[in-house]
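Inside the fold
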Amino acid sequence: MEKVDENKERAENKENEENKESKQNRETSERNRIVIPIGPQHPSLKEPSSFIITLEGEKVVDAVIGVGYVHRGIEKACESRTYIQNLYLIERVCGICSHTHSTAFCQGIEELAGITIPRRAAYIRVIVAELERLHSHLLWLGVAAHEIGFDTLFMYSWRDREKVLDVLAEICGNRVNYGINTIGGVRRDIDSEMMQDTLKMADYLEGQLKYYLDLVMTDKVLSARLVGIGKLSREDALKFGVVGPVARAAGIMDDIRIIEPYAAYDEIPVNPVTDTHADVFGRTVVRIKEMLESLEIIRYSVKNIPDGDIAVKAPRRIPAGEVISRTEAPRGENIHYIRSNGTDMPDRVRIRAPSQANWQGMRHMLQGQYLADIPITIAAIDPCYSCTDRAIVVNSESGTEIMDWQGLRQYSIEWYKKRGIDVSLVKMPERKFYA
Amino acid sequence: MVLKLVKILIFPGFSFLAIYGMFLEYLDRKIYARIQNRMGPPWYQPLADFLKLLGKEIIIPADSNKKMFKILPIVSLAAVASAFVYIPVFGNTSSAFFEGDLIIVLYLMTITTICMFLAGWYSRGVYATIGSVRTLTQMFAYEVPLFMALLAPALIAKTWSITGMTAFYEEHPRYILINIPALFVALISGQGKLERAPFDSPEAETEIVSGVFVEYSGRLLAFFKLSVDCELVLVASLISAIFLPIMTDIAVLDFVIYLLKTIGILIIFSLMRSIMARFRIDQVVKICWRYLTPIATVQIIINLLIRGLLTL
Amino acid sequence: MIKQRIGKIINEAVKNFFRKPATISLAKDKIQIVKNYRGKLVYDPANCTGCGMCVRNCPAAAITIVNEGTKEERKMKATLNVGHCIFCCQCVDSCPKKCLSYSQNIDLASFNKEELKMQL
Ligand code: SF4
Ligand code: SF4
């Protein structure tokens, strides 16, 4: 009996000691922790969002993610505009994947109104969607390279992206926010000259993309920075419900173009691209291979585009009802919910952009990473960004005001005058930049 | 006396150093841009940047140590400028030299790095603190291979003076070839010393904004940037003086050769900067200790053996 | 296992060094605009009936059409606020009389907010 007690006591003592030790450890490690804010304003973030990172040395222990700094109330604004006006508003949900949003929106309304769009329009939508995927992924490749300090690759991929944007501008009339979709079809036809230019661009880009794929696969420094970073295993990916290239890099094929073909994807062969790395490296490879696949889709659609009308007439008032419409954005699955009440304005619009799904796994991906890997981990889900170029002065004597260029200049002249320098003599150049 | 003062202050001393530093920065940016298929800046860009910064408002963080915060950029610039005095620019003699100036130059070079560390530390910002810790970590990584590589040639020359070494290698040009591995190590760890990509994690823009400089603005930042430019000239000239002592006896020609050598080294630096992604700080330490230090050690051993053979 | 190397991009880097830059100098060269680019609107008041379709469909409330004459003798004036206009050209599509069209003029920036309101 006594012996047992003794043993127990000893065990308890030991436990106590262990507890003390681990507590001490914890305390010292807690004392060594620093909290650094990444964002809302930070060079590595292309949109304002905040990450409160707890660091132990250079290692991330915890991350608190705050998004919502660019909430613009688009969904609410949609309710007070007509469907035609909403087309252009929806297109501005994201500057990079604008076409996919307007496609999802148009598709939903067409379903509500019971319109079938002409095949030619469906093909044009596919061509623009794939061009958009190309430019979005090239943009991402550049941003990712910049995050790990590889500016040469950044410049090369953005140089090639310009070629895609030129083709987009030629087909749609603008480099971003294409404005090609309309309810009942598309607004512009594609002629043979545009097709030639598209095919020429595709040939050029194919060589470049193969080079980038080879580079990512064989460059030692790149793989040292990409392999094993931001791990999100298949199980975790399913648990957090991530979409798009993040899920596909973990081996989950969730491509809406294949699962639930829309526009003309039911006729166009799309090969699924997946990878098993489940890290940033895998996401890079998936994106580059997807671009190669996009080139094939573009080539196929340009060759097989049927003749005919590009749009059918749509009614101003959309019959009451509700609809969910899905498209495959460059960043993953994009869902639009639209409820109509029979007027010319929607009753409710809800947009689930792909980035929203991908944020869920972020904290998990960041934990245990080095500080240096945070930017690339965040960039790897390819979050969207938006920006503005006016300054808003808050709390000045006259209250909040928006300053234009002249106002800012006046302000700076006065600022320097107070310090004894008069810069008002410097003349502003009067020139025109565009041919 | 007057001549010496002119030499130290104007040519080939401080004024030349500052102007040449800006020129090299321009060249570096231009080469970097052209490699990336861009136009690149016009020739006056570094000067314009410098002048613009001079006119900007200085903001000193409330928590910082104000005296140190203001004094560090000047100290850093002064350290580089005084180190440059010992480096031969034209001909084989520098403005000042004595037995052991190589050691002095190396230590003055360290002072600039220490200044950056202190600047980050005294700014008290999170990014600056992390940047300064990284600066120090990186210093411990590249310092050993860099010093070993720069000291190895001195072992053969049997002098600790840069001018003396240049003179020795001019007489025995064949020994230059022995130092090629050390040149390789010096080029890579020199890149680390200058905190340029791929070893720019102490000031990685996308991670910690710009590390130690994040709180600096206006004139103070301008001086820091100038001292970084001057450091580039210093390292390039040091490497060219120690490893590539090609001389004629005509001063003007020697000066041209000096320019060509430093520009050549700059091209290597720029190329290195553009073909690699940034290393993480742990990878930097690994590279320096696992690859560069052993090469430098072997070089030292070889040079000691040769020195022994020479005295035989 | 694929063989990995450090600095694989060097061939491309050296090749690009001797190539013509892909960018242009904004100070010297002019930007080329593709021919279908949507720029500033062009208004032809001859056929305009003042139906207001363009105003109604404009998503940015950028265009206004007023009749300065009488009902019989129309004198239509269109004002465009290029600060608001998003160059979607929905008004061009909406106009039943084809009075509106677009040009390739996109150099519309101004230092003054008042100058952004343009008479078409
Ligand atoms: S182009 Fe679009 S935004 Fe501009 S006036 Fe026409 S409809 Fe309005
Ligand atoms: S839609 Fe055409 S016709 Fe009607 S007001 Fe506008 S410009 Fe005039």
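The model shown is predicted, which means the values in this text are computed figures rather than measured ones. (Residues numbered from 1 in each chain as written. Chains lettered and ligands numbered in written order. Predicted model: local features only at pLDDT ≥ 70, side-chain atom pairs only at ≥ 80, totals over all residues. Heavy atoms only, no water.)

1. Some remarks on the nonpolar core
One finds Leu 131, Leu 134, Ile 171 and Leu 209 of chain A together with Leu 238, Ile 239 and Phe 269 of chain B to be the most contacted residues of the largest nonpolar core, which totals 148 residues. It is helix α5 (residues 119–147) of chain A that provides the largest number of residues to this core, a total of 15 residues. Among all residues touching Ile 171 of chain A, those that are not within four sequence positions of it are Val 128, Leu 131, Ile 180, Arg 188, Ile 190, Met 194 and Thr 198 of chain A. In terms of nonpolar packing, the next biggest core, distinct from the first, is built from 27 residues, Val 60, Leu 232, Val 242 and Trp 359 of chain A among them. (Core = buried A, V, L, I, M, F, W, Y, C linked by side-chain atoms within 4.5 Å. Buried < 20%, exposed > 50% of the residue type's maximum accessible area, 1.4 Å probe, protein only. Helix = DSSP H or I, 4+ residues; strand = E, 2+ residues; numbered from the N terminus. Contact = heavy atoms within 4.5 Å.)

2. What about the pattern of salt bridges?
Residues and elements named next belong to chain A. According to the stated counting rule, one finds 37 salt bridges over all chains in the structure shown. In this structure, the salt-bridge partner of Glu 91 is Arg 92, at a minimum N-O distance of 3.7 Å. Residue Glu 91 is classed as buried on the basis of its relative accessible area of 2%. We classify Arg 92 as partly exposed; its relative accessible area is 23%. The partner of Glu 260 in a salt bridge is Arg 326, and the shortest N-O contact between them spans 2.7 Å. Of the two residues, Glu 260 sits in the loop between α11 (256–259) and α12 (280–304) while Arg 326 sits in strand β6 (residues 321–329), which places them 66 residues apart along the sequence. For Glu 260, a relative accessible area of 38% puts it in the partly exposed group. Connected through shared salt-bridge partners, Asp 203, Glu 206, Lys 210, Glu 296 and Arg 299 make up one network. (Salt bridge = Lys/Arg side-chain N within 4 Å of Asp/Glu carboxyl O.)

3. What about the interface of chain C and chain A?
Each side of the interface is counted separately: chain C has 41 residues, and chain A has 45 residues. Together, the buried faces of chain C and chain A total about 3,900 Å²; carbon and sulfur atoms form 48% of this surface. Linking chain C with chain A are two salt bridges. Linking Lys 35 of chain C and Glu 193 of chain A is a salt bridge whose minimum nitrogen-to-oxygen distance equals 3.6 Å. (Buried area = accessible area lost by both parts, 1.4 Å probe.)

4. Considering helix α6 (residues 126–157) of chain B
Given 3.6 residues to a turn, an α-helix orients residues that are three or four positions apart in the same direction. Helix length check: α6 of chain B (32 residues) gives 46 Å between terminal C-alpha atoms against 46 Å at 1.5 Å per residue, within 8%. Counted residue by residue, α6 of chain B has 24 buried out of 32 residues, so it is predominantly covered. (Expected span 1.5 Å × (residues − 1).)

5. Details of the interface of chain C and chain B
Listed by partner, the interface residues are 14 residues for chain C and 10 residues for chain B. For the pair chain C and chain B, the two sides together bury roughly 1,100 Å², of which 68% comes from carbon and sulfur. If you look at where chain C meets chain B, you find zero salt bridges. Applying the counting criterion to the chain C and chain B interface returns four residue pairs in polar contact (both at pLDDT 80 or more). Of the residues that constitute the side of chain C that touches chain B, the class distribution is eight nonpolar, four polar and two charged. (Polar contact = N/O pair within 3.5 Å; in protein donor to acceptor, adjacent residues only side chain to side chain. Nonpolar A, V, L, I, M, F, W, Y, C, P; charged D, E, K, R; others polar.)

6. Let's talk about the sheet that holds strand β8 (residues 346–352) of chain A
All names here are of chain A. Pairing in this open sheet of three strands is antiparallel, and the strands run β6-β7-β8 from one edge to the other. In this open sheet, the two edge strands, each paired with only one partner strand, are β6 and β8. On average, adjacent strands in this sheet sit at an angle of 15° to one another, irrespective of strand direction. Note that strand β7 (residues 332–340) and β8 share six bridges and pair antiparallel. (Pairing = 2+ DSSP bridges. Axes fitted to C-alpha atoms, helices over the stretch in contact; angles between N-to-C directions.)

7. Topic: helix α4 (residues 98–113) of chain A
Taking 1.5 Å per residue as the helical rise, α4 of chain A with its 16 residues ought to reach 22 Å, and the 23 Å between its terminal C-alpha atoms agrees with that figure. Burial runs high along α4 of chain A: 14 of the 16 residues are buried.

8. Description of a nonpolar patch on the surface
All names here are of chain B. Taken together, Met 1, Val 2, Leu 5, Val 6 and Leu 9 make up a surface patch of nonpolar side chains, about 540 Å² in accessible area. One can find Leu 9 in helix α1 (residues 2–9). Exposure remark for Leu 9: the relative accessible area of 48% places this residue in the partly exposed category. (Patch = residues over 30% accessible without salt bridge, like charges linked within 9 Å, V, L, I, M, F, W, Y side chains within 5 Å. Areas by Shrake-Rupley, 256 points an atom, 1.4 Å probe, with all protein chains shown as cover.)

9. A look at the site of ligand 1
In the region of ligand 1, the neighbouring residues are Leu 41, Cys 58, Pro 59, Ile 63, Leu 80, Cys 85, Ile 86, Phe 87, Cys 88, Cys 89, Gln 90 and Cys 91 of chain C. Here the residues of the shell around ligand 1 are counted per class, giving 11 nonpolar, one polar and no charged. (Near = heavy atom within 4 Å.)

10. Comments concerning the site of ligand 2
Near ligand 2 you find Tyr 43, Cys 48, Thr 49, Gly 50, Cys 51, Gly 52, Met 53, Cys 54, Ile 65, Cys 95, Pro 96 and Cys 99 of chain C, and these make up its full shell. Considered class by class, the residues forming the shell around ligand 2 number nine nonpolar, three polar and no charged.

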